[in-house]
Amino acid sequence: GLTLCACASQETKIAAASEIKSSDDQFLPYREYKSGLMKETGGLFSQDGTRANILIGRVDKTTGAKKFAVQVLLHYSEDRRRKFESARSSRAEPLQLVKIEQARKNCVKRLDTCTFSEIVDVVIPESGLRGAGAEGYPIKLFARSGDTSIIDIPRPVISSLLAKVDSDLAFTAAPAKVSRSP
């Protein structure tokens with residue numbers, strides 16, 4: 001399993017998350033770019049539980065259209081599932097939330113709690129990422145239960161992902177050199 005030391009400095013965590021990996025699967029209609037894991041641990045039984053986020057960029061191989069999202073894993077122990085169903089930017093703009101997976105395990109009847117996890121993608125407009133200030137791009141998730149969770153995407157991670165997407169687009173947009181043999 002993946003274990004991150006909570007003792008790592010914030011700068012170290014951001015540097016690790018800023019390492020962008022790209023993939024070009026021939027079976028997918030897009031090239032994908034992913035940041036490293038950004039993990040925040042409030043503890044399984046804390047109000048926020050544990051959150052892990054990955055910033056994702058996808059570029060359509062045919063049109064060059066770009067889409068960005070943050071994939072969020074929320075992990076917590078409570079008596080009920082929170083059911084995250086909407087998201088907003090710090091400017092109160094609604095953001096599309098796509099539910100990916102929900103799971104429940106390790107129920108303890110005497111404590112009336114279970115461990116839940118929810119994975120969601122929050123679609124972020126490119127203009128929002130490009131216009132993000134030094135504070136990065138904060139997002140607030142809202143659950144049917146009334147619970148909320150704030151996700152912070154650090155500016156250095158955003159900058160690294162956009163730079164990688166832009167440099168790859170510049171490379172692929174360059175005219176191909178055709179060599180003709182007589």
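Residues numbered from 1 in each chain as written. Predicted model: local features only at pLDDT ≥ 70, side-chain atom pairs only at ≥ 80, totals over all residues. Heavy atoms only, no water.

Trainee: Looking at this structure, I do not really get the state of the cysteines. What am I missing?
Mentor: One way to say it: the disulfide is the covalent bond shared by the sulfur atoms of two cysteines. All told, the structure shown has 1 disulfide when counted by the stated rule. Each sulfur in the disulfide pair Cys107 and Cys114 lies 1.9 Å from the other. Where Cys107 bonds to Cys114 through sulfur, the torsion about that S-S bond is close to 110°, and the disulfide is right-handed. Relative accessible area serves as the criterion here: at 42%, Cys107 is assigned to the partly exposed category. Note on Cys114: relative accessible area 13%, which makes it buried. (Disulfide = S-S within 2.5 Å. Buried < 20%, exposed > 50% of the residue type's maximum accessible area, 1.4 Å probe, protein only.)

Trainee: Please clarify how the pairing of strand 8 (residues 97-108) should be interpreted in this entry.
Mentor: Each regular strand shows side chains that alternate between the opposite faces of the sheet. The pairing of strand 8 with strand 9 (residues 113-124) spans 9 bridges and is antiparallel. Bridge assignment links Ala103 to a residue of strand 9, and that residue is Ser117. Connecting strand 8 to the antiparallel partner strand 9 that follows it, the hairpin turn spans 4 residues, and Asp112 within it adopts a positive phi of roughly 55°. (Pairing = 2+ DSSP bridges. Helix = DSSP H or I, 4+ residues; strand = E, 2+ residues; numbered from the N terminus.)

Trainee: Mind showing me how you'd approach unusual backbone geometry here?
Mentor: Peptide bonds are, in most cases, trans, and in most cases residues other than glycine have a negative phi. The phi dihedral of Lys83 is positive, around 60°, even though this residue is not glycine. Following the sequence through the fold, Lys83 ends up in the loop between strand 5 (66-78) and strand 6 (84-89). By relative accessible area, which is 31% here, Lys83 ends up partly exposed. Positive phi, normally seen in glycine, also occurs at Ala92, with a value near 65°. Along the chain, Ala92 falls in the loop between strand 6 and strand 7 (94-95). Given the relative accessible area of 48%, Ala92 is considered partly exposed.

Trainee: What exactly am I supposed to notice about the sheet that holds strand 6 here?
Mentor: Hydrogen bonds between backbone groups are what pair the strands of a sheet, and the pairing can be parallel or antiparallel. The strand order across the open sheet built from 4 strands is 7-6-10-11, with neighbouring strands paired in antiparallel fashion. Looking at the sheet topology across the chains shown, the edges are occupied by strand 7 and strand 11 (148-153). In the sheet, strand 6 pairs with strand 7 via 2 bridges, with the strands oriented antiparallel. Within the sheet, the bridge partner assigned to Ala87 lies in strand 7 and is Leu95.

Trainee: Is there a simple way to think about the environment of Gly128 in this case?
Mentor: Counting through the fold element by element, Gly128 comes out in helix 2 (residues 126-130). Owing to a relative accessible area of 7%, Gly128 belongs among the buried residues under this scheme. Taking the C-alpha atoms as reference points, Gly128 and Ser89, 39 residues apart in sequence, are found 8.7 Å from one another.

Trainee: Looking at this structure, I do not really get the pattern of salt bridges. What am I missing?
Mentor: When the charged atoms of two side chains lie near each other, side chains of opposite charge can form a pair. Within this structure, the stated rule accounts for 9 salt bridges. For Glu32, the salt bridge identified is with Lys34, shortest N-O distance 3.9 Å. Residue class for Lys34 comes out partly exposed when judged on its relative accessible area of 34%. Residues Asp166 and Arg130 are paired through a salt bridge, measuring 2.7 Å at the closest nitrogen-oxygen approach. Taken as a pair, Asp166 in helix 3 (residues 155-173) and Arg130 in helix 2 lie far apart in primary sequence, 36 residues in all. (Salt bridge = Lys/Arg side-chain N within 4 Å of Asp/Glu carboxyl O.)

Trainee: Sorry, what's going on with the nonpolar core here?
Mentor: General note: in soluble globular proteins, nonpolar side chains tend to be found buried as a group. Of all hydrophobic cores here, the largest spans 35 residues; its most connected members are Leu55, Val122, Tyr137, Ile139, Leu141 and Ile153. Counting only elements with at least two residues in this core, the list comes to helix 1 (10-17), strand 4 (50-60), strand 5, strand 6, strand 9, strand 10 (137-143), strand 11 and helix 3. Among the elements that line this core, the one with the most residues is helix 3, at 6 residues. With sequence-adjacent residues up to four places away left out, Leu55 is seen in contact with Tyr33, Lys34, Ser35, Met38, Ala69, Val70, Ile124, Ile153, Val157, Ile158 and Leu161. (Core = buried A, V, L, I, M, F, W, Y, C linked by side-chain atoms within 4.5 Å. Contact = heavy atoms within 4.5 Å.)

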